[in-house]
Amino acid sequence: MGVRKLQEFLTIAKEGLDQSFMVAKFFCFLHVTNTYICSPVLPEGPSMLPTFSLTGDLVLVERISARFGKVCPGDIVLVRSPENPRKTPIKRVKGVEGDSVTYIVDPKNSDRRKTVIVPKGCVWIEGDNMYNSNDSRMFGAVPYGLVQGKVFWRIWPRERFGSVR
């Protein structure tokens, strides 16, 4: 009697352990995919209007291009903020190292322009909405190591589903 109950318990325990390992493997796969390959992101704020709406867009960010230095001017990237490392805004790359970038210093109050050369190992990022964007015009070129990934696909809203340019 006791041996049979012990065998039943061991069978149930083995099945539970097997299921736990399967769930753990799934979460490991999810973590690796999200950290190194691709992740969903919700763009927030007005800095990328009209490319992204104030709320409600859901985009995919692929992380491989940033790791291999394949980010070019015109790409939309996810960047770790140099001012607040807890934030990861989405901005457009305007220039990479060695590029000359001309920008309007204070678009709300004047048309005064300034030209800078992007330093080695950095990128120049700006929001599409120049009137309401905290970007390289405020804090300068961003080290390439802060680029987290490149936005490549819009998932939501469904009417705008597809590639992002």
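Our subject is the structure listed above.
Residues numbered from 1 in each chain as written. Predicted model: local features only at pLDDT ≥ 70, side-chain atom pairs only at ≥ 80, totals over all residues. Heavy atoms only, no water.

A.B. asks: What is the right way to look at the overall build of the protein in this model?
C.D. replies: When helices and strands are counted, the protein shows three helices and 10 strands. The order of helices and strands in the protein, counted from the N terminus, is α-β-β-α-β-β-β-β-β-α-β-β-β. The C-alpha radius of gyration computed for the protein amounts to 23 Å, which surpasses the reference 15 Å derived for 165 residues by more than 25%, pointing to a less compact arrangement than a globule. Across the 165 residues that make up the protein, the buried fraction comes to 32%. Considering only intrachain contacts with a sequence separation of at least 6, the fraction spanning at least 24 residues in the protein is 51%. (Helix = DSSP H or I, 4+ residues; strand = E, 2+ residues; numbered from the N terminus. Rg over C-alpha atoms; globule rule 2.2 N^0.38 Å. Buried < 20%, exposed > 50% of the residue type's maximum accessible area, 1.4 Å probe, protein only. Contact = heavy atoms within 4.5 Å.)

A.B. asks: What's the story with the layout of surface pockets in this structure? I'm lost.
C.D. replies: Where empty space is left can be seen by rolling a probe of water-molecule size over the atoms. Of the voids in this model, the largest pocket is the one considered here, and its volume is about 420 Å³. Lining the largest pocket are 19 residues; nearest its centre among them are E44, S47, K87, P89 and K91. Here the lining of the largest pocket is built from residues that sort into nine nonpolar, six polar and four charged. (1 Å grid on protein atoms, 1.4 Å probe; cavity = no way out; pocket = protein on both sides within 12 Å on 5 of 7 lines; lining within 4 Å. Points joined across faces, edges and corners; volume = space filled by probe spheres on them. Nonpolar A, V, L, I, M, F, W, Y, C, P; charged D, E, K, R; others polar.)

A.B. asks: So what exactly am I meant to see when it comes to the pattern of salt bridges here?
C.D. replies: Close approach of charged atoms allows side chains with opposite charge to pair. Counted under the stated rule, the structure contains five salt bridges. Residue K150 is joined to D75 by a salt bridge in which the shortest nitrogen-to-oxygen separation is 3.6 Å. Of this pair, K150 sits in strand β9 (residues 147-156) while D75 sits in the loop between α2 (64-67) and β3 (76-79), and the two are 75 residues apart along the sequence. Taking relative accessible area as the criterion, K150 reaches 17% and is therefore assigned buried. (Salt bridge = Lys/Arg side-chain N within 4 Å of Asp/Glu carboxyl O.)

A.B. asks: Looking at this structure, I do not really get a nonpolar patch on the surface. What am I missing?
C.D. replies: On the surface, V23, F26, F27, F29 and L30 cluster together into a nonpolar patch covering about 530 Å² of accessible area. Locating V23 in the fold gives a position in helix α1 (residues 2-37). (Patch = residues over 30% accessible without salt bridge, like charges linked within 9 Å, V, L, I, M, F, W, Y side chains within 5 Å. Areas by Shrake-Rupley, 256 points an atom, 1.4 Å probe, with all protein chains shown as cover.)

A.B. asks: How should unusual backbone geometry be read in this particular structure?
C.D. replies: Among all residues except glycine, the phi angle is most often negative; among peptide bonds, the trans geometry is most common. The omega torsion across L49 and P50 is 0°, close enough to zero to call that bond cis. Among the structural elements, P50 can be located in the loop between β1 (38-41) and β2 (58-62). Here the bond from W156 into P157 is cis, since omega is 5°, no more than 30 degrees from zero.

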